[in-house]
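Structure at a glance
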Amino acid sequence: MNLTLKIWRQENEKAQGKFVTYEVKDISPDSSFLEMLDILNEQLVNKIQLPIAFDHDCREGICGMCSLYINGRAHGPDEGITTCQLHMRKFSDGDIITIEPWRSRGFPIIKDLMVNRDAFDNIMQSGGYISVNTGGIPDANSIPISKENSDLSMDAAACIGCGACVATCKNSSAMLFVSAKVSQFALLPQGRTEAKIISNIARMNREFLCANFS
Amino acid sequence: MAILNSKVPGGKLFDKWTEYKNHQNLVNPANKRKLDIIIVGTGLAGASAAASLGELGFKVKNFCYQDSARRAHSIAAQGGINAAKNYPNDGDSVYRLFYDTVKGGDYRARESNVYRLAEVSNSIIDQGVAQGIPFARDYGGLLDNRSFGGALVSRTFYARGQTGQQLLLGAYSALSRQINKKTVDMYNRTELMDIVIVDGRARGIVVRNLVTGKIESHFGHAVVLATGGYGNVFFLSTNAMGSNVSAAWKAHKKGSYFANPCFVQIHPTCIPVHGDFQSKLTLMSESLRNDGRIWVPKKKSDAEKIRKGQLKPESLKEEDRDYYLERRYPAFGNLVPRDVASRAAKERCDAGFGIEKTGKGVYLDFKSAIERLGKNTIEQRYGNLFQMYGKITDDNPYETPMKIYPAIHYSMGGVWVDYELMSTVKGLFVVGEANFSDHGANRLGASALMQGLADGYFVLPYTIQNYLADQIGVARMDTNLPEFKKAEKDVKLLLDKLMSIKGKRSVDSIHKELGITMWDNVGMARNKKGLELALEKIKSLKKEFWTNLRIPGEINSLNTELEKAYRLADFLELGELMAKDALHRDESSGGHFREEYQTDEGEAKRDDKNFTYAAAWEYAGENKEHILHKDVLSYENIEVKQRNYKK
Ligand SMILES: Cc1cc2nc3c(=O)[nH]c(=O)nc-3n(C[C@H](O)[C@H](O)[C@H](O)COP(=O)(O)OP(=O)(O)OC[C@H]3O[C@@H](n4cnc5c(N)ncnc54)[C@H](O)[C@@H]3O)c2cc1C
Ligand code: SF4
Ligand code: FES
């Protein structure tokens, strides 16, 4: 299929950005969205132009590195996936696709579609852990945990730290990201005490201040 | 040819590690603060090491190329982690885990290291639970286990299909805690460019800030590499896009021997290749082989119809299916080790029974498991994997069998290290997948996570102290020393050289060619002719790279093409050494299958008399032949046998 892409290009954090239009041809419906961008980049490199900078690494939906607002939606039109798992069969020949970076004051743009998500690391560093040192730990089965709690805890722990929630929230709130960690810990006897600390810390985190947190 | 000293402590196998710890040198708390340790990598090995050494009071600097430590490639591990807990009471023990790992590695791993690995495995699970990792549990509230290939017991702990993610987030949280306590300084989006040697010891690194392009140096009393595996030499693999050999390769060029480069693992259950636009391959976890059955059509005519889209696999009758693993290996069935399963798939496809348009695919079928256990149970066990598969292929694996084919997945080879995990450069330690140590010629499933965390939590924090104990008198060095400046200058020269080629080809186009050469000749089956061909082909690719590469943009800003280029430069050199290593190893062992050396039944045939060693290659300089050193392996506690998964 042939597509028209409107892509946000921005030299660096300070520079003025703008949308630039590109055409790509003969894209296979079986290729992934990022592979489609690879093809575009290959075209640009062959014309000695700067390729589009975007974040990605695992390309299987788990590392949380990829981002992108596609046609006005974080991670694009499909449900329950990340951008790297999005496939071109979700689009049709002749489509115009608008591609933007995460837009949030908590995530400054680095270049083109890449943003800085250090704020998430900062939250985790200020309390997103259970305080245990390496070694000297009692046997793993010494405290049974109900399967139900453990499963619910796992549901919350599955957060990949991508930042789509922040990008989507019009107040740029990190509520969902923080509450995922809080719930994971609160459901486990090991984490109950410290779950409170992280929720307090998140509340003080200026980058993501929104009405819900006060 | 020198014989290497692996510094394995004396005494009985079962006591070596305890004895070592009892007698090693330690650093007192006041001195720990004066010692800097550089750790490159934040995967399971790097993050666990950085956190543990920070807790002990050392001054740690930790680096990764991603935007956050939590995104290291370990995050993608799906299936599970082994430990010898014997919770299911099915006869497991430290010895049995040790035995299975050495046997699974086709008797090419160091006994003492593997025994230590099995010994510390249980503590990893305890550690993870204390960190708040929600491992799978049974209804009684105790931890659950599943089975992985190459074992007759259930010893694999898991967190749905995201075990690597949960273990890494555990280590990342411990690391975050130390960053908060200021014992660890974290550098994201920073890539190692070279290692600095002062008076014969590793004393620092040169890095490039990937956002600004700035080159700078960092000092450390010791340097630890935890930079993962080199599967991406094949271009297509299950590794993350940025996974690279460069850090290990720089270490190699600075004097660290590189061991068994030809031992790479081909994972039997990945989603098959679809087109030349494809950028990576996706693994379908080995855990699926607990319940999935692998088959191809019994008749070539059926296979042909399936390839042409005229026949659906669901409609093929039981008697027309060839469950070839169950047929060939009745004892282990679908749970044979990875190398065996991969070769068996290749054998069927080469013989004309493959599915998919390309003929390169086999089925992984859950029909009988769904009938036996119900769709719900299968969904609970593998839900996220089925979803991932559906998104990529547009098929529904609850209704039609998955299509799979082997793909490059893991590198058993890596930087040679001794018992203390130190390379042949003093003060340069290598942990996790980046070293060669524990898996011999083939790694068993769920044991890479175990090794990464064993190295980082429980081994390195001891052994590095034995080295650092006599370094307390060494003051922190200024990075303006000539050794640092020289290394920085060399890095800048390299980058200039790459940018000034100004040829016509993109990095990826050359990388893809390298990948095809490697897969065809240094992949699942190798032979002398093919390997010689690969050596020639890589030579010409190297020339193409250095004369016809085109990198747009600048050195001093974010430049993803430049990043890919310097990584590919090292992959090209590694590829050459892999072919050379494979050519020198005139035997088949584990993942290294030389067609000339097989039994009548097509199984790998080792030559124990001549090849019971790890081949450690020394870099001799540009355009010079590598020099071979042998780390001779001896088995005192295990009887070396032909691996048999039939009975
Ligand atoms: C899809 C998949 C599934 C897997 N499933 C399992 C499983 O179920 N069980 C199991 O036991 N094993 C599994 N494995 C294998 C296992 O995940 C890896 O072997 C292991 O996680 C490697 O950990 P590591 O810490 O050594 O390296 P990695 O996790 O690869 O980390 C490497 C680190 O080094 C950094 N780095 C690399 N190069 C540089 C550089 N030049 N400069 C700066 N930093 C650098 C990276 O940023 C990263 O932080 C799986 C692997 C894959 C690919
Ligand atoms: S909670 Fe936010 S950061 Fe976490 S996975 Fe969901 S969208 Fe991504
Ligand atoms: S690239 Fe890892 S989640 Fe998309």
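Residues numbered from 1 in each chain as written. Chains lettered and ligands numbered in written order. Predicted model: local features only at pLDDT ≥ 70, side-chain atom pairs only at ≥ 80, totals over all residues. Heavy atoms only, no water.

1. Structural notes on the overall build of chain A
- Each helix and strand in chain A was counted, giving six helices and seven strands.
- Listed by position from the N terminus, the elements making up chain A come as β-β-α-β-β-β-β-β-α-α-α-α-α.
- Principal-axis analysis of the C-alpha atoms places the extent of chain A at approximately 60 × 35 × 30 Å.
- Sorting the 214 residues of chain A into buried and exposed places 57% on the buried side.
- When contacts within chain A are restricted to residue pairs at least 6 apart in sequence, long-range pairs at least 24 apart make up 63% of them.
- Here chain A displays about 8900 Å² of accessible surface, and carbon together with sulfur accounts for 52% of that area.
- Charged side chains of chain A number 21 positive and 25 negative; the gap between the two group centres comes to 7 Å. (Helix = DSSP H or I, 4+ residues; strand = E, 2+ residues; numbered from the N terminus. Buried < 20%, exposed > 50% of the residue type's maximum accessible area, 1.4 Å probe, protein only. Contact = heavy atoms within 4.5 Å. Areas by Shrake-Rupley, 256 points an atom, 1.4 Å probe, with all protein chains shown as cover. Lys, Arg positive; Asp, Glu negative; His and termini not counted. Charge placed at Lys NZ, Arg CZ, Asp CG, Glu CD.)

2. Some remarks on the sheet that holds strand E6 (residues 190-198) of chain B
Residues and elements named next belong to chain B.
- Judged by pairing direction, the sheet is antiparallel, and its three strands sit side by side in the order E6-E7-E8 without closing on themselves. In the strand order of this sheet, the two ends are held by E6 and strand E8 (215-219), each with one partner. Neighbour to neighbour, the strand axes of the sheet diverge by 30° on average, direction disregarded. (Pairing = 2+ DSSP bridges. Axes fitted to C-alpha atoms, helices over the stretch in contact; angles between N-to-C directions.)

3. As for the domain arrangement of chain B
All names here are of chain B.
- Taken domain by domain, chain B holds domain 1 (268-408) and domain 2 (482-612).
- Each partner contributes to the interface: domain 1 provides twelve residues, whereas domain 2 provides eleven residues.
- For the pair domain 1 and domain 2, the summed buried surface comes to about 840 Å²; carbon and sulfur atoms form 58% of the total.
- Among the residues of domain 1 in contact with domain 2, Asp339, Arg343 and Lys346 are the three that bury the most area, contributing 49% of the side total.
- Between the two partners, domain 1 and domain 2, sit one salt bridge.
- A salt bridge links Arg328 to Glu603, with the nearest nitrogen and oxygen atoms 3.3 Å apart.
- Remark: the boundary between domain 1 and domain 2 carries four residue pairs in polar contact (both at pLDDT 80 or more).
- Listing elements by their share of the side of domain 1 that touches domain 2, those giving two or more residues are helix H10 (338-353) and strand E15 (402-411). (Domains from an automatic or database assignment. Buried area = accessible area lost by both parts, 1.4 Å probe. Salt bridge = Lys/Arg side-chain N within 4 Å of Asp/Glu carboxyl O. Polar contact = N/O pair within 3.5 Å; in protein donor to acceptor, adjacent residues only side chain to side chain.)

4. A look at the pattern of salt bridges
- For the structure on display, the rule yields 67 salt bridges over all chains.
- Linking Lys90(A) and Asp78(A) is a salt bridge whose minimum nitrogen-to-oxygen distance equals 4.0 Å. Of this pair, Lys90(A) sits in the loop between strand E4 (73-74) and strand E5 (96-100) while Asp78(A) sits in the loop between E4 and E5, and the two are twelve residues apart along the sequence.
- For Arg89(A), the salt bridge goes to Asp394(B), with nearest N and O atoms at 3.8 Å. One end of the pair, Arg89(A), is in the loop between E4 and E5; the other, Asp394(B), is in the loop between helix H12 (375-393) and E15, on a second chain.

5. Focus: the site of ligand 2
- Near ligand 2 you find Phe120(A), Cys159(A), Ile160(A), Gly161(A), Cys162(A), Gly163(A), Ala164(A), Cys165(A), Leu176(A) and Phe177(A), and these make up its full shell.
- Within the shell around ligand 2, the residues separate by chemical class into eight nonpolar, two polar and no charged. (Near = heavy atom within 4 Å. Nonpolar A, V, L, I, M, F, W, Y, C, P; charged D, E, K, R; others polar.)

6. Considering the site of ligand 1
- As a structural note, the neighbourhood of ligand 1 is formed by 37 residues, with Thr42(B), Gln66(B), Ser74(B), Glu433(B) and Leu449(B) the closest of them.
- More than one chain reaches ligand 1: the nearby residues come from chains A and B.
- Leu192(B) places a main-chain nitrogen or oxygen 2.8 Å from a nitrogen atom of ligand 1.
- Within the side chain of Asn244(B), a nitrogen or oxygen atom sits 3.1 Å from a nitrogen atom of ligand 1.
- Here ligand 1 has 1000 Å² of accessible area as a free molecule, and 98% of this is covered by the chains.
- Listed by contribution, the elements that provide at least two residues to the shell around ligand 1 are helix H3 (44-56), E6, E15 and helix H13 (448-468) of chain B.
- Per-element accounting of the shell around ligand 1 gives the leading share, three residues, to E6(B).
- Each residue belonging to the shell around ligand 1 can be placed in one class, and the counts come to 16 nonpolar, 17 polar and four charged.

7. Thoughts on the domain arrangement of chain A
All names here are of chain A.
- By the assigned domains, chain A splits into domain 1 (3-111) and domain 2 (117-132 + 144-213).
- The straight-line distance from the C-alpha centre of domain 1 to that of domain 2 is 28 Å.
- Counting from both sides, the interface comprises 18 residues of domain 1 and, opposite them, 16 residues of domain 2.
- When the two sides are added together, the surface that domain 1 and domain 2 hide from each other amounts to roughly 1200 Å², 56% of it contributed by carbon and sulfur.
- Where domain 1 packs against domain 2, one counts one salt bridge.
- Notably, a salt bridge pairs Asp55 with Arg117, separated by 3.8 Å at the nearest N-O pair.
- Across the domain 1-domain 2 interface, the total number found is six residue pairs in polar contact (both at pLDDT 80 or more).

8. A short note on helix H8 (residues 300-307) of chain B
Residues and elements named next belong to chain B.
- Residues of H8 that are buried: Asp302, Ala303 and Ile306. Taken end-on, H8 shows its buried residues confined to a sector of 100°, consistent with a single buried face.
- Check the buried side of H8 and you find it contacts strand E12 (293-297), H10 and strand E14 (362-365).
- Positive phi shows up at Gly309, right after H8, with a value of about 80°. (Arc of directions from axis to C-beta.)

9. Quick look at the packing of helix H16 (residues 528-548) of chain B against helix H17 (residues 560-584) of chain B
All names here are of chain B.
- For the pair H16 and H17, interaxial distance at closest approach is 9 Å and the crossing angle is 160°. One element, H16, and the other, H17, form an angle in the roughly antiparallel class. Judged by the sense of rotation from one axis to the other, the crossing of H16 with H17 is left-handed. Contacts from Lys528, Leu531, Glu532, Ala534, Leu535, Ile538, Lys539, Leu541, Lys542, Phe545 and Trp546 in H16 reach Ala565, Leu568, Ala569, Leu572, Glu573, Gly575, Glu576, Ala579, Lys580, Ala582 and Leu583 in H17. (Parallel < 35°, antiparallel > 145°, perpendicular 65-115°, else oblique. Left-handed = near helix turned anticlockwise from the far one by under 90°.)

10. Comments concerning the packing of aromatic side chains
Residues and elements named next belong to chain B.
- Following the criterion strictly, the structure yields 30 aromatic pairs over all chains and no others.
- Judged by centre distance (4.7 Å) and plane angle (10°), the ring pair of Phe63 and Tyr187 falls under stacked. Separated by 124 residues along the polypeptide, Phe63 in strand E2 (residues 59-63) and Tyr187 in strand E5 (residues 184-187) bring together distant segments of the chain.
- For Tyr187, a relative accessible area of 23% puts it in the partly exposed group.
- Chaining the aromatic ring pairs together yields one cluster made of Phe14, Tyr95, Phe98, Tyr99 and Tyr115.
- The ring of Trp546 has Lys497 sitting right over it, with the charged end atom 4.5 Å from the ring centre. (Phe/Tyr/Trp six-rings, centres within 6.5 Å; stacked < 30°, edge-to-face > 60°. Lys NZ or Arg CZ within 6 Å of the ring centre and 35° of its normal.)

11. Structural notes on the interface of chain A and chain B
- Counting residues at the interface gives 74 residues for chain A, matched by 75 residues for chain B.
- Across the chain A/chain B interface, buried area totals approximately 6300 Å², and carbon plus sulfur atoms make up 53% of it.
- The largest share of the area that chain A buries against chain B comes from Glu60(A), Lys147(A) and Met154(A), three residues that together contribute 11% of it.
- Taken together, the connections running from chain A to chain B amount to seven salt bridges.
- Residues Lys391(B) and Asp78(A) are paired through a salt bridge, measuring 3.2 Å at the closest nitrogen-oxygen approach.
- Elements with a contribution of two residues or more to the side of chain A that touches chain B: helix H1 (33-46), strand E6 (109-111), strand E7 (114-115), helix H2 (118-125), helix H3 (147-157) and helix H5 (175-186) of chain A.
- In terms of residue count, the dominant contributor to the side of chain A that touches chain B is H3(A) (seven residues).
- Of the residues belonging to the side of chain A that touches chain B, the class tally is 32 nonpolar, 23 polar and 19 charged.

12. Quick look at H3(A)
- Among all positions in H3(A), only Lys147(A), Ser150(A), Ser153(A), Met154(A), Ala156(A) and Ala157(A) are buried.
- Buried residues belonging to H3(A) abut H5 of chain A together with helix H6 (163-180) and H12 of chain B.

13. Notes on unusual backbone geometry
Residues and elements named next belong to chain B.
- Located in the positive-phi region is Asn86, a residue other than glycine, with phi close to 55°.
- Inspection of the secondary structure puts Asn86 in the loop between strand E3 (81-82) and helix H4 (94-104).
- On the basis of relative accessibility, which here comes to 25%, the residue Asn86 falls in the partly exposed class.
- Notably, Leu421 is not glycine yet its phi reads approximately 70°, a positive angle.
- Assignment of secondary structure puts Leu421 in the loop between strand E16 (414-415) and strand E17 (428-430).

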